[in-house]
Amino acid sequence: MSDLDQLTQSLARNLRRWRGERGFTLDALAARAGVSRGMIIQIEQARTNPSVGTTVKLADALGVSITTLLDYEQGPQVRIVPADQAVRMWSTPAGSHTTLLVGTEARGPLELWRWVLLPGEASSSDPHPPGTTELLHVTAGELTLVVDGEPHTVPEGASAAFEANVPHVYRNEGAGTVEMIMSVSIPPVR
């Protein structure tokens, strides 16, 4: 089974599980996530590979991290994620990419990401649920962080924190590669 097949199967299994645990009907989850009922059915039956945006919307609507949707194996209090098991979530033909390094459900979902953005590339994100916070640290290059339409320059070595309940974009407007580490804290579903 290929990595993509394993990812598709894991997402299908975990989406059904978390939807059931939350007591959401297909229609209720569709309304909460802004994703069609038909798409959710296809995902739960492992007949499609949804976009990162769709996966994020479903995770947000369920109040879980993407890590939880992709892999529910709960181990001991300390969980080591080998580099080859980190999940590549977004990439472009030029080579920009994001990698979900690790996540947890303790006191609400918490995720740790590694980002690489090549010159001229960008990634946009829809608003997350109210109370979601993102922290990032630029390890190489200069990031242009656009939060709710307002650009902010984050140079190498600098960090930023923001409430991610508004549209936001990560852009590389420079000549060199941008590398950053980012964590996302999502409030639990009440």
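Up top you'll find the structure we're talking about.
Computed from a predicted structure; not experimentally measured.

(A) Molecular detail of the packing of helix 1 (residues 3-22) against helix 3 (residues 37-44). Running from N to C, helix 1 and helix 3 point in directions that differ by 120°, and their axes come no closer than 7 Å. It follows from the interaxial angle that helix 1 and helix 3 lie oblique. Of the residues in helix 3, those touching helix 1 at Leu-11, Ala-12, Leu-15, Arg-16 and Arg-19 are Ile-40, Ile-43 and Glu-44. Split by residue class, the contact of helix 1 with helix 3 holds five nonpolar, no polar and three charged.

(B) Seen up close, the pattern of salt bridges. Taken as a whole and judged by the stated rule, the model has five salt bridges. A salt bridge links Arg-19 to Glu-44, with the nearest nitrogen and oxygen atoms 2.6 Å apart. With Arg-19 in helix 1 and Glu-44 in helix 3, this pair connects stretches of sequence that are 25 residues apart. For the pair Arg-19 and Glu-44, one class covers both residues: buried. Close ionic contact of Arg-171 with Glu-173 constitutes a salt bridge, the shortest N to O distance being 2.7 Å. Look at Arg-171 and you get partly exposed, because its relative accessible area is 28%. Judged by relative accessible area, Glu-173 falls into the exposed class, the value being 53%.

(C) Main features of the side chain of Thr-48. Looking at the element boundaries, Thr-48 is found in the loop between helix 3 and helix 4 (52-62). Take Thr-48: its relative accessible area is 18%, and that puts it in the buried class. Other than its neighbours up to four places away in sequence, Thr-48 contacts Thr-8, Met-39, Gln-42 and Ile-43.

(D) How the structure looks around the packing of aromatic side chains. Counted by the stated rule, this structure contains two aromatic pairs. Taken together, a centroid distance of 6.0 Å and an interplanar angle of 40° make the contact between Trp-90 and Trp-115 tilted. Taken together, the positions of Trp-90 in strand 1 (residues 87-91) and Trp-115 in strand 3 (residues 110-117) put the pair 25 residues apart, joining distant regions of the chain. Each of the two residues, Trp-90 as well as Trp-115, counts as buried. Residues Trp-115 and Tyr-170 carry aromatic rings whose centres are separated by 4.6 Å and whose planes lie at 50° to one another, so their mutual orientation is tilted. Of this pair, Trp-115 sits in strand 3 while Tyr-170 sits in strand 9 (residues 168-171), and the two are 55 residues apart along the sequence. Side by side, Trp-115 and Tyr-170 carry an identical accessibility label, which is buried. Ring-pair connections join several aromatic residues into one group, and the members of that group are Trp-90, Trp-115 and Tyr-170. For the cation-ring pair, Arg-17 lies above Trp-18, with the distance from its terminal atom to the ring centre recorded as 4.5 Å.

Reading the values: rules and limits
- Residues numbered from 1 in each chain as written.
- Predicted model: local features only at pLDDT ≥ 70, side-chain atom pairs only at ≥ 80, totals over all residues.
- Heavy atoms only, no water.
- Axes fitted to C-alpha atoms, helices over the stretch in contact; angles between N-to-C directions.
- Helix = DSSP H or I, 4+ residues; strand = E, 2+ residues; numbered from the N terminus.
- Parallel < 35°, antiparallel > 145°, perpendicular 65-115°, else oblique.
- Contact = heavy atoms within 4.5 Å.
- Nonpolar A, V, L, I, M, F, W, Y, C, P; charged D, E, K, R; others polar.
- Salt bridge = Lys/Arg side-chain N within 4 Å of Asp/Glu carboxyl O.
- Buried < 20%, exposed > 50% of the residue type's maximum accessible area, 1.4 Å probe, protein only.
- Phe/Tyr/Trp six-rings, centres within 6.5 Å; stacked < 30°, edge-to-face > 60°.
- Lys NZ or Arg CZ within 6 Å of the ring centre and 35° of its normal.

As far as function goes, none of this settles anything; it's purely spatial.
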